[in-house]
Amino acid sequence: MKKIVTSILLATAVVSLGICAPKSKKSKKSKNKNYKVQLITMDQMDQHWANVDKGAKAAVAELGQVDYKWNAPSTKDDAQQIECINNAVAQGADAILLAANGPDAVTSALRDATSAGVKIIYVDSAANYPGEITLSTDNKSAGKTAGQEMLNELKSKGITSGSIGVISVNSATASTVAREEGFRSAFAGTKFTILETQYCDGDASRSKDAAANFITQGVIGLFGANEGSTVGIGNAIRESNSKVVGVGFDTSDTIKQLIKQGYILCTMSQNPYTMGYEGLKSAVKVLSGEKLPSKSVDTGVSVITKKDL
């Protein structure tokens with residue numbers, strides 16, 4: 001059975017992809033028109049974002065009267081995400097569900113969006129700019145849980161010291177930075193050494209290469225701070241046939257398979273579906289003039305191990 005850290009009811013829906021479309025002139029919305037809502041994620045690579053889209057589409061199906069679209073850069077790139085935000089405004093979006101790639105890069109674009117009357121709802125990762133609500137994991141707490149899982153496994157093997165490698169996205173993305181901080185905090189006061197983080201932009205291939213370098217340095221543990229990073233460390237452990245303890249973040253079919261095969265000990269499973277579902281519903285409430293009960297919602301995380309699959 002899953003070890004639940006926090007939980008929230010989930011539903012099911014189908015998944016679709018979108019790309020950043022060219023700009024068009026924004027028109028005023030009348031009361032008879034549907035609300036226009038766009039989801040803009042960090043990229044289109046991760047199954048995590050597809051599940052955010054699933055949740056949003058489920059809410060659209062439930063509520064009706066919403067024209068919904070998922071736009072995202074092909075890869076984690078600030079300039080591309082800014083373009084997506086600008087295009088959403090030009091296309092007449094009433095609200096944007098945003099997973100910010102970095103805390104500051106999109107600030108100017110968001111300022112222009114709110115000046116145009118667009119409501120900002122953060123899902124997964126917020127920018128340093130006011131939004132209506134943020135729906136995300138308590139990333140620091142979840143990162144600490146990941147560290148504790150690794151620490152417990154190492155101690156069970158009689159290992160009380162050694163070096164540990166961390167693979168993350170970049171030094172700016174708030175969610176993964178918080179996960180890393182939480183992970184490192186779990187080893188405070190121990191004889192373990194956490195090496196300098198390697199940033200690979202969430203790319204699984206680059207993450208594998210960085211993880212392989214850590215393994216050649218003799219690490220006894222590896223932490224992946226997002227989906228691509230986790231796939232990378234799992235593949236590196238598999239290819240090296242090493243006994244390195246791998247702990248990751250996010251879930252995908254590939255990550256589940258790596259856990260089943262024993263190359264990853266566990267992963268911190270977020271609730272991206274809930275982020276999308278509740279994010280879309282929050283957007284509609286705000287656009288309808290309703291006051292949201294909170295500015296921040298912890299959408300929860302669970303520890304997934306081999307016995308859960």
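Anyway, here's the lowdown on the structure attached to this text.

Cut-offs and rules
- Residues numbered from 1 in each chain as written.
- Predicted model: local features only at pLDDT ≥ 70, side-chain atom pairs only at ≥ 80, totals over all residues.
- Heavy atoms only, no water.
- Helix = DSSP H or I, 4+ residues; strand = E, 2+ residues; numbered from the N terminus.
- Buried < 20%, exposed > 50% of the residue type's maximum accessible area, 1.4 Å probe, protein only.
- Lys, Arg positive; Asp, Glu negative; His and termini not counted.
- Salt bridge = Lys/Arg side-chain N within 4 Å of Asp/Glu carboxyl O.
- Polar contact = N/O pair within 3.5 Å; in protein donor to acceptor, adjacent residues only side chain to side chain.
- Phe/Tyr/Trp six-rings, centres within 6.5 Å; stacked < 30°, edge-to-face > 60°.
- Expected span 1.5 Å × (residues − 1).
- Core = buried A, V, L, I, M, F, W, Y, C linked by side-chain atoms within 4.5 Å.
- Contact = heavy atoms within 4.5 Å.
- Pairing = 2+ DSSP bridges.
- Axes fitted to C-alpha atoms, helices over the stretch in contact; angles between N-to-C directions.

Looking at the side chain of Asp308
Then, number 1: Note on placement: Asp308 falls in the segment after strand E14 (301-305).
Then, number 2: As a buried residue without a salt bridge, Asp308 has its nearest oppositely charged side chain in Lys307, at a separation of 6.0 Å.
Then, number 3: Of note is the side chain of Asp308, whose polar atom sits 2.8 Å from the backbone nitrogen of Thr305.

Observations concerning the environment of Ser205
Then, number 1: By the secondary structure assignment, Ser205 is in helix H6 (residues 204-216).
Then, number 2: Its relative accessible area of 46% is what places Ser205 among the partly exposed residues.
Then, number 3: Residues Ser205 and Gly232, spaced 27 residues apart in sequence, show a C-alpha to C-alpha distance of 6.1 Å.

Details of the packing of aromatic side chains
Then, number 1: Enumeration over the complete set of coordinates arrives at four aromatic pairs.
Then, number 2: Taking the centre distance of 5.2 Å and the plane angle of 55° together, the rings of Phe183 and Phe187 count as tilted. Judged on exposure class, the residue Phe183 and its partner Phe187 are both buried.
Then, number 3: Both rings, one in Tyr273 and one in Tyr277, keep their centres 6.3 Å apart while their planes meet at 15°; by these two values the pair is stacked. Taken together, the residues span about one helical turn, with Tyr273 and Tyr277 both in helix H9 (residues 272-287) at a distance of four residues. Across this residue pair, the class does not change: Tyr273 and Tyr277 are buried.

Describing helix H4 (residues 139-156)
Then, number 1: Under the 1.5 Å per step criterion, the end-to-end length of H4 is 26 Å for 18 residues, consistent within 8% with the ideal 26 Å.
Then, number 2: Immediately beyond the C-terminal end of H4, within one or two residues, lies Gly158, with a positive phi of roughly 80°.

Thoughts on the nonpolar core
Then, number 1: Leu39, Val66, Tyr68, Trp70, Leu97, Val123 and Leu280 are the most contacted members of the largest nonpolar core, which totals 30 residues.
Then, number 2: Secondary-structure elements contributing two or more residues to this core are strand E2 (35-40), helix H1 (47-63), strand E3 (66-71), strand E4 (95-98), strand E5 (119-123), strand E6 (133-136) and H9.
Then, number 3: Once you skip the residues sitting within four places of it in the chain, Leu39 turns out to touch Val52, Asp53, Tyr68, Lys69, Trp70, Asn71, Leu97 and Val123.
Then, number 4: Residues Phe192, Ile194, Phe223 and Val301 belong to the second largest nonpolar core, which totals 22 residues.

Overview of helix H5 (residues 174-185)
Then, number 1: The terminal C-alpha atoms of H5 lie 17 Å apart, and with twelve residues this matches the ideal 16 Å at 1.5 Å per residue to within 8%.
Then, number 2: If you check which residues of H5 are buried, you get Ser175, Thr176, Ala178, Arg179, Glu180, Gly182 and Phe183.

Here we look at the sheet that holds E3
Then, number 1: Strand order across the open sheet formed by six strands is E3-E2-E4-E5-E6-E13, with parallel pairing between neighbours. On the outer flanks of this sheet lie E3 and strand E13 (296-298), each paired with one strand and no other. Strand-to-strand twist across the sheet, computed as the mean angle between neighbouring axes with direction ignored, equals 15°.
Then, number 2: As paired elements, E2 and E3 share six bridges and run parallel to each other. Bridged to Gln38 within E3 is Lys69.
Then, number 3: Contacting E2, E3 and E4, helix H2 (residues 78-90) crosses the sheet at an angle of about 175° to E2.
Then, number 4: Across the face of the sheet, H9 comes into contact with E2, E3, E4, E5 and E6 while running at roughly 160° to E5.

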